[in-house]
Amino acid sequence: VHFGPAGWEIRPVSGEVLRQAWRAWDRTTWGHTINALLRFEGDRIVKEGLWAGQYKDACTETNGVFWIASSEGVVRYAPFLWQTPPELRERSDLVHAFAEDEAGRVWAAAAEGLLVLERGGWSAVRLPEGYEPDFSARDALFVLPGGDILLATARPLVYAPATGRFRELTRA
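As the structure is a prediction and not an experimental result, all values here were calculated from the model.

Caption draft 1: Spatial organisation of the pattern of salt bridges. Within the structure shown, the criterion is met by eight salt bridges. Across the pair Glu41 and Arg39 runs a salt bridge, and its minimum N-O distance is 2.5 Å. Asp148 is the salt-bridge partner of Arg167, the closest N and O atoms lying 3.6 Å from each other. Of this pair, Arg167 sits in strand β17 (residues 165-168) while Asp148 sits in the loop between β14 (140-143) and β15 (149-152); the two residues are 19 residues apart in sequence, bridging distant segments of the chain. The exposure class of Arg167 is partly exposed, given its relative accessible area of 43%.

Caption draft 2: Examining the sheet that holds strand β12 (residues 113-118) more closely. In space, the four strands of this open sheet follow the order β10-β11-β12-β13, with antiparallel pairing throughout. Sheet topology places β10 (95-100) and β13 (121-126) at the edges, where each strand pairs with a single neighbour. Sheet twist, expressed as the mean angle between neighbouring strand axes with direction ignored, is 20 degrees. Alignment of β12 against β13, held across six bridges, turns out to be antiparallel. The partner of Leu115 across the bridge, within β13, is Ala124.

Caption draft 3: Representation of the packing of aromatic side chains. One pass over the full model with this rule turns up seven aromatic pairs. Look at Trp22 and Phe66: their rings are 5.0 Å apart centre to centre, the planes differ by 65 degrees, and that puts the pair in the edge-to-face class. Of this pair, Trp22 sits in strand β3 (residues 20-23) while Phe66 sits in strand β8 (residues 66-70), and the two are 44 residues apart along the sequence. Between Trp30 and Tyr77, the aromatic rings sit 4.7 Å apart at their centres with planes inclined by 55 degrees, giving tilted as the arrangement. Of this pair, Trp30 sits in strand β4 (residues 29-32) while Tyr77 sits in strand β9 (residues 73-77), and the two are 47 residues apart along the sequence. On the basis of relative accessible area, Trp30 is assigned to the buried category, the value being 1%. Grouping aromatic residues by their ring pairs yields a cluster made of Trp22, Trp25, Trp30, Phe66 and Tyr77.

Conventions adopted
Residues numbered from 1 in each chain as written. Predicted model: local features only at pLDDT ≥ 70, side-chain atom pairs only at ≥ 80, totals over all residues. Heavy atoms only, no water. Salt bridge = Lys/Arg side-chain N within 4 Å of Asp/Glu carboxyl O. Helix = DSSP H or I, 4+ residues; strand = E, 2+ residues; numbered from the N terminus. Buried < 20%, exposed > 50% of the residue type's maximum accessible area, 1.4 Å probe, protein only. Pairing = 2+ DSSP bridges. Axes fitted to C-alpha atoms, helices over the stretch in contact; angles between N-to-C directions. Phe/Tyr/Trp six-rings, centres within 6.5 Å; stacked < 30°, edge-to-face > 60°.

Quick look at the structure:
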């Protein structure tokens, strides 16, 4: 039973004896039986692959984080500290470095380009055709005087936000 925008709704769970159900931080509905942890996705019910013995109890915090008590111990389910922003979920490349410029924009260096957070939204700037960054642990992203962005990799690259152009740095 759930109270939704249209009033009370009944969501049957066929073949299961549901012991508890609750809302998590992302507005998803969860529940548990004695042997399964369930996530409700619309009309679908997904059994989570978490094995924790028999599920005994669930406790939610006010922010939607929840705890499961089981015969094997206690499990906490909470969002990751770093989450992909909704507008970047289709991207699969990893972020290797961050920098913030004087205008308050946050820049991120990724394998396919630069990502920039400004005015509350993310956008992407593709790297020049044929440029393949070879990221390593010591690479970084720097804001240069004047506002240009330096991608400091084995092949350094400078991006000028004012013109939207890249240039490679070469050693003289």
